[in-house]
Amino acid sequence: MYTERTSISADADFAYETVKTTMRDFAIKTWGTWHDQDSKNAAIQDTKLGKIQIIYVGNEKAGTLQYETTESEILVNQIYLLPPFQNKGIGGEIISNLQENSRESNLPIKLSVLRVNSATEFYFKKGFVIENETVERVFMQYAP
């Protein structure tokens, strides 16, 4: 359903617009503000370093994915799908692929969700449990 490729510097604008489109309202609800320049700088840096995967559906850029595998876990930093690609099973497929990696490597998947974001319910349905909570975030884990 989707493909992905490692980002390059030329993807910075797309990565920035994706995070802005998908996370700006949640940031404002959580902290009362959106740090536009910080978000832009992070997108520039992360794409330049190839830390972000660009998600495609067909030939269209659909979103971004950022995760890292360490000796002890798979840490998901972002799964951001643009609105036309949300609620179409793409996020579920991404998580299923990460869960397969989790089972093969015997490593848990860890991520956090802003409390104001309903994605927590999505992760519950995918087998994640709450590991910790703060006023702002819900920290979740999937154990293989």
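In this convention, every chain numbers its residues from 1, walking through the sequence in written order. In view of the model being predicted, local features appear only for residues whose pLDDT reaches at least 70, and side-chain atom pairs are presented and counted only at 80 or more, with totals across whole chains, interfaces and linings using the full set of residues. Side-chain figures throughout are based on the complete set of non-hydrogen atoms in the structure, without hydrogens or water.

Trainee: It is not clear to me how the pairing of strand β6 (residues 129-133) should be interpreted in this structure. Could you clarify?
Mentor: The side chains of a regular strand alternate, residue by residue, between the two faces of the sheet. For two strands to be treated as a pair, DSSP must find no fewer than two bridges joining them. Starting at the N terminus, helices and strands are each numbered in turn, a helix being any DSSP run of H or I of at least four residues and a strand any DSSP run of E of at least two. Bridge count between β6 and strand β7 (residues 137-142): four bridges; the pairing is antiparallel. Residue Ile-130 lies in a different strand from β7, and its bridge partner there is Met-140. Counting the residues between successive antiparallel strands, the hairpin from β6 to β7 contains three residues.

Trainee: Before we go on, may I ask you to explain the sheet that holds β6 in this structure?
Mentor: Paired through backbone hydrogen bonds, the strands of a sheet run either parallel or antiparallel to each other. Sheet architecture is open: seven strands sit in the order β1-β2-β3-β4-β5-β7-β6, paired in mixed fashion. Two strands bound the open sheet, and with one partner strand each, they are β1 (3-6) and β6. The mean inter-strand angle of the sheet, taken between neighbouring strand axes irrespective of direction, is 30°. Across the sheet, helix α3 (residues 90-105) is in contact with β2 (53-57), β3 (60-69), β4 (74-81), β5 (109-114) and β7; its angle to β4 comes to roughly 170°. Fitted lines through C-alpha atoms serve as axes, helices being fitted only where they are in contact, and the angles separating the N-to-C directions of these axes extend from 0 to 180 degrees. Contact between two residues is taken to exist if any of their heavy atoms lie within 4.5 Å; hydrogens are not considered.

Trainee: Could you clarify how one ought to interpret the pairing of β7 in this entry?
Mentor: Note that β5 and β7 share six bridges and pair antiparallel. Note that in β7 the partner of Val-113 across the bridge is Val-138.

Trainee: What is the right way to look at the side chain of Thr-64 in this model?
Mentor: Counting through the fold element by element, Thr-64 comes out in strand β3. Taking relative accessible area as the criterion, Thr-64 reaches 0% and is therefore assigned buried. N or O atoms closer than or at 3.5 Å make up a polar contact, with two conditions inside protein: a donor-capable atom paired with an acceptor-capable one, and, for residues adjacent in sequence, both atoms drawn from side chains. A polar contact is formed between the side chain of Thr-64 and the side chain of Gln-78, at a distance of 2.7 Å. Apart from the residues within four sequence positions on either side, Thr-64 is in contact with Phe-14, Ala-15, Thr-18, Ile-52, Gln-53, Ile-54, Ile-55, Gln-78, Ile-79 and Tyr-80. Whether a residue is buried, partly exposed or exposed follows from its accessible area with a 1.4 Å probe, protein chains only, as a fraction of its type maximum: under 20%, in between, or over 50%, in that order.

Such coordinate-based values are descriptive only and should not be taken to indicate function.
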